[in-house]
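Each chain is listed here by its residues.
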Amino acid sequence: MKNGPTEGEKGIPRVSDERFAKEFGEVASLVEKHECMLILGHVDPDGDCIGSMLALAAYLMRRGKKVVCFTPGEMAEIYAELPLANLFVREAALAALAPDMVFALDAPTSARTADLVKRTDGKPVVNIDHHPTNERYGDINIIDEKASATSILVYRFLSSVAPESITPEMADYLYLGVLMDTGGFRFQNTNAEALAMAARFVELGARAHELAHEFIYVKKFSTLKLLSRALDSLEVHGGGKIAVMHISEEMITSAGGSMSDTEGFVDYAASIDDVELSALFRELASDEIRVSLRSRNDYNVAELAERYGGGGHRNAAGLTIHGDLATAKSQIVRSLEEMLALKVRPRQS
Ligand code: 5GP
Ligand code: MN
């Protein structure tokens, strides 16, 4: 069976590794031939990106490799406390490093890695990702848009080349990827594979309850104060089918908290009962607005994001607009209204 569930050990269904068997073998032999590995993630990394990077990093270190991790932008404080977070280096330290092999995880485009995947002096680049918009910039590309998280692809690699090497700590990182990219097993990508993988990771030692508690349930006081300001900004358009909210620099100054601690805020806009399309606008600088888009059903926000130079998945995508908050908002609301008008009815299946 190609990508469907097969019977794994202990009767838990798991996905066949057949499809990438060749690529996995090639990656394993590259790893054996190289010593110093750079693992790149995408700008402002989320839980899947970080979990995938650290699971792979732990494996490579067990193989005796020197490993460093880098993502452009800011990392949320909650992730900075993970046991292997010390592997993340600052940009200044990157120049001093001479990696002889590069991995890029959860990063669909070169731009999402601040173009670092293009500045590798001919060193082999392995691109592992689950975004349909992936540019296949690697020498080896392991891309499966059906995977709910990049960490599932990292697991498929590990279970294919070294199944006995997966430690409980690695299982935690793999689980974190699925947990965060499915929004705590709520989003439309919560499929049989995601649930089977989560079960597999728990079997391997992942602490399901503790991770959900630390990364989804617990919030800082300042983050909740900021959320209350963001919720205050909620507006609906398109006859109640579009919801938008924003976080301005001024809100951060007055409520406290930090832009990097706002992962998941957009879900509040998306959760409104009749809303099919939603957006969160974050003012990073006076002329740089990050937009997070979410949709239900067949509405494809990745296509919309791509039109603005961004990308993502059908139901979750993002982009950056250079301009002020009000202009960015009215531009995107107009585009979302056009999407609504174009689609008579999303397919009901
Ligand atoms: P978020 O809104 O949570 O930042 O991102 C939602 C999804 O879209 C994630 O899978 C993220 O990797 C992807 N994404 C967000 N912004 C961009 C972007 O500017 N370019 C691309 N290619 N993907 C993005
Ligand atoms: Mn991801």
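Note that this is a predicted model, so its numbers are computed, not measured.

Draft legend 1. The packing of helix α5 (residues 150–161) against helix α6 (residues 168–181), seen in detail. Running from N to C, α5 and α6 point in directions that differ by 145 degrees, and their axes come no closer than 7 Å. Contacts from Thr150, Ser151, Ile152, Val154 and Tyr155 of α5 reach α6 at Tyr173, Leu174, Gly177 and Val178. Taken together, the residues of the contact of α5 with α6 break down into 6 nonpolar, 3 polar and no charged.

Draft legend 2. Examining the site of ligand 1 more closely. Taken together, the neighbourhood of ligand 1 is formed by 16 residues, with Ser292, Gly310, Gly311, Gly312 and Gly318 sitting nearest. Going through the elements one at a time, β12 (311–312) and β13 (316–322) are the ones with two or more residues in the shell around ligand 1. Counting residues per element, the shell around ligand 1 draws most heavily on β13, which supplies 5 residues. Here the shell around ligand 1 is composed, by residue class, of 4 nonpolar, 10 polar and 2 charged. Split by domain, the residues of the shell around ligand 1 number at least three in each of domain 1 (5–216) and domain 2 (222–342).

Draft legend 3. Inspection of unusual backbone geometry at higher detail. Within the chain, Asp121 stands out as a residue other than glycine whose phi angle is a positive 50 degrees. A residue is classified by how many C-beta atoms lie within 10 Å of it, and Asp121, with 8 of them, is exposed.

Draft legend 4. A look at the nonpolar core. If you look at the biggest cluster of nonpolar residues, it comprises 62 residues, and the most contacted ones within it are Ile39, Leu40, Phe103, Leu174 and Tyr175. Not counting residues up to four positions away in its chain, the partners in contact with Leu40 are Phe70, Thr71, Val102, Phe103, Ala104, Ala107, Thr113, Leu116 and Val117. Formed by 34 residues, the second largest nonpolar core is a distinct cluster that contains Ala230, Met245, Ile289 and Met339.

Draft legend 5. Fine view of the packing of helix α2 (residues 47–62) against α5. Between α2 and α5, whose axes approach to 8 Å, the crossing angle comes to 20 degrees. Here α2 is positioned roughly parallel relative to α5, judged by the angle of their axes. Between α2 and α5 lies a crossing whose hand is left-handed. Of the residues in α5, those touching α2 at Asp48, Cys49, Gly51, Ser52, Ala55, Leu56 and Tyr59 are Thr150, Ser151, Val154 and Leu158. Class assignment for the residues of the contact of α2 with α5 results in 6 nonpolar, 4 polar and 1 charged.

Draft legend 6. Geometry of the domain arrangement of the protein. Looking at the assigned domains, one finds that the protein contains domain 1 (5–216) and domain 2 (222–342). Spacing between the C-alpha centres of domain 1 and domain 2 amounts to 27 Å. Tallying the contact residues gives 14 residues for domain 1 and 10 residues for domain 2. Of the residues belonging to the side of domain 1 that touches domain 2, the class tally is 5 nonpolar, 5 polar and 4 charged.

Draft legend 7. Helix α1 (residues 21–33), seen in detail. Relative to the 18 Å expected for 13 residues at 1.5 Å per residue, α1 spans 19 Å between its end C-alpha atoms, a close match to the ideal helical length. Of all the positions in α1, only Phe24, Val27 and Val31 are classed as buried. The buried residues of α1 occupy an angular sector of 65 degrees when the element is viewed end-on, so they sit on one face. In α1, those exposed residues whose orientation departs by more than 90 degrees from the buried face are Lys22, Gly25, Ser29, Glu32 and Lys33. Looking at the buried positions of α1, the neighbouring elements they touch are α2, β6 (125–129), β7 (140–143) and α5.

Rules used in this analysis
Residues numbered from 1 in each chain as written. Chains lettered and ligands numbered in written order. Predicted model: local features only at pLDDT ≥ 70, side-chain atom pairs only at ≥ 80, totals over all residues. Axes fitted to C-alpha atoms, helices over the stretch in contact; angles between N-to-C directions. Helix = DSSP H or I, 4+ residues; strand = E, 2+ residues; numbered from the N terminus. Contact = placed C-beta atoms within 7 Å. Nonpolar A, V, L, I, M, F, W, Y, C, P; charged D, E, K, R; others polar. Near = placed C-beta within 6 Å. Domains from an automatic or database assignment. Buried ≥ 20, exposed ≤ 12 C-beta atoms within 10 Å, placed from the backbone. Core = buried A, V, L, I, M, F, W, Y, C linked by C-beta atoms within 7 Å. Parallel < 35°, antiparallel > 145°, perpendicular 65-115°, else oblique. Left-handed = near helix turned anticlockwise from the far one by under 90°. Expected span 1.5 Å × (residues − 1). Arc of directions from axis to C-beta.

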